[in-house]
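Reading the structure
Chain residues, written in single-letter form:
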Amino acid sequence: MKPKSRLCIESMPSEMLLKIFSYLDAVSLLCVGCVNKHFYHLANDNGIWLKIYSSCFRPKRTIWKKKSEQTETVSLDCAALYDRKPGYWKKEYIFKQIAAVKTRIMRLVKPVDPYTGLPCKNKEAMKASGLSWIIVLKDKNGKEHVMEKANLSFKDTTVTILWYSTNWPCLDILTTLKLFGVVPLLPDQSRDLSKNGPRRRSLIAEYHLANLTESSVALGADKLVQLFSLNPGLLVGLWKEKKEIAFVMMSLHYHQLLERSTLGSSTVQYALPPHKPVLDDVDPEYGLHDYNLHLDMHGGSCTYLCGTFKSLFCRKGDIANGYLRLTVVSLKDNTKHLPLTGTLGLSWETDAFKGHVKDCYVMDVTLLDETGKPFWCFSAPVHMELSSKASSLYDYMGHIYTTDYTDSEGKVCVELVWLEETKEYFIVNLVLYVSTKKVNNWYGTNY
C-alpha cells in the first residue's frame, strides 16, 4: 500500500492560500509573511492590501495621467492592481498608519508643563504609540536572552522600569546588556499587542557586564540583594548568596525619550539634533542666570521630595575649575532647608520576593534655561555616604550624609542631616555645578 501523503498548508494551491489570506487583518498578514518566501510573496498581494487600505483610508476614485495635452481618468482598481509593484499597497498602508499615529502623538506632546519644561501628556503619548521597553542580554556564545516582563512607575519627569524573572541567564556568561525601545509596526491596531507581532526596536543604551561587581558602583544591600549601578542610570540587583541577577531597574528621563525610544535602529542609537545657540551681545552675564530646577527624589514607588526651584544664578566669581556654581539650598539659610518624607531607600520586587535597600534613591534632575527649555536632564540611582564631620548647625544635631553625582555635563552635591528625634532627613545644602563647556555650547558664550 502507498503511504498516505502528508498534507500541509504550504502544499495548497496559491489561489486557495490567497483566498485564506484575504480574511486576515493587517497584523496577521504581516506575521504570515514571515513564515517563508512563498508566503511572503503571497502576503504582498496588492489586491488584499488595497482592500485593507480602502477600509481604513478613503481612496481616491481617479488617477490622472497626462498624455501630451490631454488628461484622462483611469479607474483606481485597475491602476492599483496592475500598474503597481507587489507590496506597494502594503507599504502605503503601513506608512499612512505610522503617519497617523505620529500626528496624534505630536498633538499630545505639544502642551508643555511650565514647571518641568516637558510635555504634559508624555504618558498618554507613550500609550498612543504602543511604546514599551525591553532588555536584551547577550552571552559569550552570542545567544540573546530577551527580558520583557516589567513594572512601570511614572513620575513627573521620568518613568522607572523594573524587569524581573525567574529565568535570568547566568551572570558569568553574560557580556552585554542592551536597552531597547519597542513599538508595534502598526500601533493603531485596536486589538491587544502581541510580543510575536511585527515590532520595531530602537537602541537606547548598551552596557558591558563583564566583571560587573568590579566595574560598577555598589549602592547598597539588604538581607537578600546587593545593588550595583552602571552609567547611564542602570541598576542591577544581585542575589547575595548566588551572585546572580535578581532584577534590573532603569529610570528614563522624559526629555527626548520618545525620540530615543522610537527613532533609532536596532544597532544605532538616535542622535539628538545639535542645539543652535541664540547669541546675546547686550547681557554681560548671559548664560549665568534665570535657571529653573525641577528635582525629584524617589525610591521607585515612594516619593521623598518633589519640588521646583526658580531663578538660580551664578556670579562670575563663582566660576571655578570649569564649572558654574548654582546654589539651590544654602547651608547658611535655614529657612530654605528641606525635610524629606520617609526613610530614604530603593524598593524592589521579583516574582517571589520584595525588599527595600536603605540609604540610596533615584535622583531626577531637570534644569531649564532662561527660556524654559530643558538644559540638563538626567535620572540616576545614587547613594548616601556618612560624613566624618559633625553638624555645625545649631538647629540640627545629628549625623551628616552626602550624595554626589557626576556626568559629562555637571555635578550635583547634596548634604543631608538625620534628625533622630523626628526620624527624618533635612537637605541643608544642595549645589549644582554645570560644566562651562556645556554652557558655552548652549549660549555661544566664552566662560
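In short, a report on the structure. These figures come from a predicted structure and were not determined experimentally.

1. Details of a negative patch on the surface
A contiguous patch of negative charge on the surface is contributed by Asp280, Asp281, Asp290 and Glu370. We classify Asp280 as partly exposed; its relative accessible area is 30%.

2. With respect to the packing of aromatic side chains
Under the definition given, this model contains 16 aromatic pairs. Centre to centre, the rings of Tyr291 and Phe375 are 5.5 Å apart; their planes meet at 55 degrees, and the pair counts as tilted. Residue Tyr291 is located in strand β13 (residues 291-298), and its partner Phe375 is located in strand β20 (residues 374-383); the two are separated by 84 residues in the primary sequence. In this structure, Tyr291 and Phe375 share a single accessibility class: buried. Seen from their ring centres, Trp376 and Phe378 are 5.3 Å apart, and the 45 degrees between their planes marks the pair as tilted. One aromatic cluster is present, built from ring pairs that chain together Tyr286, Tyr291, Phe375, Trp442 and Tyr443.

3. Some words on the side chain of Asn440
When you line up the elements, Asn440 lands in helix α10 (residues 436-443). A relative accessible area of 16% means that Asn440 is categorised as buried. One polar contact links the side chain of Asn440 to the main-chain amide nitrogen of Tyr447, over a distance of 2.9 Å. Look past the residues within four positions of Asn440 in its chain and what remains in contact with it is Thr445, Asn446 and Tyr447.

4. Considering α10
What sets the pattern is the α-helix's 3.6 residues per turn: residues three or four places apart point alike. With six of eight residues buried, α10 lies mostly within the body of the structure. Within α10 the residues assigned to the buried category are Thr436, Lys438, Val439, Asn440, Trp442 and Tyr443. Looking at the packing, one finds that the buried side of α10 touches β13, β15 (323-329), β20 and β24 (424-435). At the N-terminal end of α10, a side-chain oxygen is found 3.2 Å from the backbone nitrogen of Lys437, two or three residues along, and the residue is Ser435. Once α10 ends, the next one or two residues include Gly444, with phi positive near 75 degrees.

5. Concerning the sheet that holds strand β5 (residues 150-154)
The strand order across the open sheet built from six strands is β5-β6-β12-β11-β10-β9, with neighbouring strands paired in antiparallel fashion. Sheet topology places β5 and β9 (217-221) at the edges, where each strand pairs with a single neighbour. Across the sheet, the mean angle from the axis of one strand to that of its neighbour is 20 degrees, orientation sign disregarded. Summarising the sheet, strand β11 (residues 234-239) and strand β12 (residues 245-253) pair through five bridges and their orientation is antiparallel. From the neighbouring strand, Leu234 faces β12, where its bridge partner is Met250.

6. Quick notes on the pairing of β11
In terms of burial, β11 is largely enclosed, as six of its six residues are buried. Alternating positions in β11 separate into two faces, Leu234, Val236 and Leu238 on one and Leu235, Gly237 and Trp239 on the other, with burial throughout. Linkage of strand β10 (residues 225-230) to β11, two consecutive antiparallel strands, is achieved through a turn of three residues, within which Gly233 is found at a positive phi near 70 degrees.

7. Let's talk about the pairing of strand β6 (residues 158-164)
Taken residue by residue, a regular strand's side chains alternate between the two faces of the sheet. In terms of burial, β6 is largely enclosed, as seven of its seven residues are buried. With five bridges joining them, β5 and β6 adopt antiparallel strand pairing. Looking across to β6, one finds that Phe154 is bridged to Val159. Hairpin connection from β5 to β6: three residues lie between these consecutive antiparallel strands. In this sheet, β12 lies alongside β6 in antiparallel orientation, the contact comprising seven bridges. In the sheet register, Ile161 faces β12, and the bridge partner there is Met250.

8. Topic: the sheet that holds strand β8 (residues 199-208)
In spatial order, the strands read β4-β3-β7-β8; together these four strands make up an open sheet with antiparallel pairing. Edge positions in the open sheet fall to β4 (144-147) and β8, since each of these has one partner strand only. Put simply, the sheet's adjacent strands are angled 25 degrees from each other on average, direction ignored. Here strand β3 (residues 132-139) runs beside strand β7 (residues 174-184); their pairing, made up of eight bridges, is antiparallel. Bridged to Ile134 within β7 is Phe180.

9. Comments concerning the nonpolar core
In terms of nonpolar packing, the biggest core is built from 42 residues, with Leu367 and Val412 touching the most fellow members. Beyond its immediate stretch of four places on either side in the chain, Val412 contacts Met363, Val365, Trp376, Phe378, Thr403, Asp404, Tyr405, Leu430, Val431 and Leu432. Counting residues in each nonpolar core, the second largest holds 39 residues, with Leu118, Ile135, Met147 and Leu212 among its members.

10. Remarks on the packing of helix α6 (residues 88-109) against helix α7 (residues 122-129)
Where α6 meets α7, the closest approach of the two axes is 9 Å, and the angle between their N-to-C directions is 175 degrees. Between α6 and α7, the crossing angle belongs to the class labelled roughly antiparallel. Contacts from Val101, Arg104, Ile105, Leu108 and Val109 in α6 reach Glu124, Ala125, Ala128 and Ser129 in α7. The residue makeup of the contact of α6 with α7, split by class, is six nonpolar, one polar and two charged.

11. A closer look at a nonpolar patch on the surface
On the surface, Ile9, Met16 and Ile20 cluster together to form a nonpolar patch covering roughly 240 Å² of accessible area. By the element assignment, Ile9 lies in the segment before α1 (14-21). Residue Ile9 is classed as partly exposed on the basis of its relative accessible area, which comes to 39%.

12. What to know about helix α4 (residues 46-56)
Along α4, the positions that sit buried rather than exposed are Asn46, Ile48, Trp49, Leu50, Ile52 and Tyr53. The backbone nitrogen of Gly47 lies 3.0 Å from a side-chain oxygen of the residue at the head of α4, namely Asp45.

Analysis parameters
Residues numbered from 1 in each chain as written. Predicted model: local features only at pLDDT ≥ 70, side-chain atom pairs only at ≥ 80, totals over all residues. Heavy atoms only, no water. Patch = residues over 30% accessible without salt bridge, like charges linked within 9 Å, V, L, I, M, F, W, Y side chains within 5 Å. Areas by Shrake-Rupley, 256 points an atom, 1.4 Å probe, with all protein chains shown as cover. Salt bridge = Lys/Arg side-chain N within 4 Å of Asp/Glu carboxyl O. Lys, Arg positive; Asp, Glu negative; His and termini not counted. Charge placed at Lys NZ, Arg CZ, Asp CG, Glu CD. Buried < 20%, exposed > 50% of the residue type's maximum accessible area, 1.4 Å probe, protein only. Phe/Tyr/Trp six-rings, centres within 6.5 Å; stacked < 30°, edge-to-face > 60°. Helix = DSSP H or I, 4+ residues; strand = E, 2+ residues; numbered from the N terminus. Polar contact = N/O pair within 3.5 Å; in protein donor to acceptor, adjacent residues only side chain to side chain. Contact = heavy atoms within 4.5 Å. Pairing = 2+ DSSP bridges. Axes fitted to C-alpha atoms, helices over the stretch in contact; angles between N-to-C directions. Core = buried A, V, L, I, M, F, W, Y, C linked by side-chain atoms within 4.5 Å. Parallel < 35°, antiparallel > 145°, perpendicular 65-115°, else oblique. Nonpolar A, V, L, I, M, F, W, Y, C, P; charged D, E, K, R; others polar.

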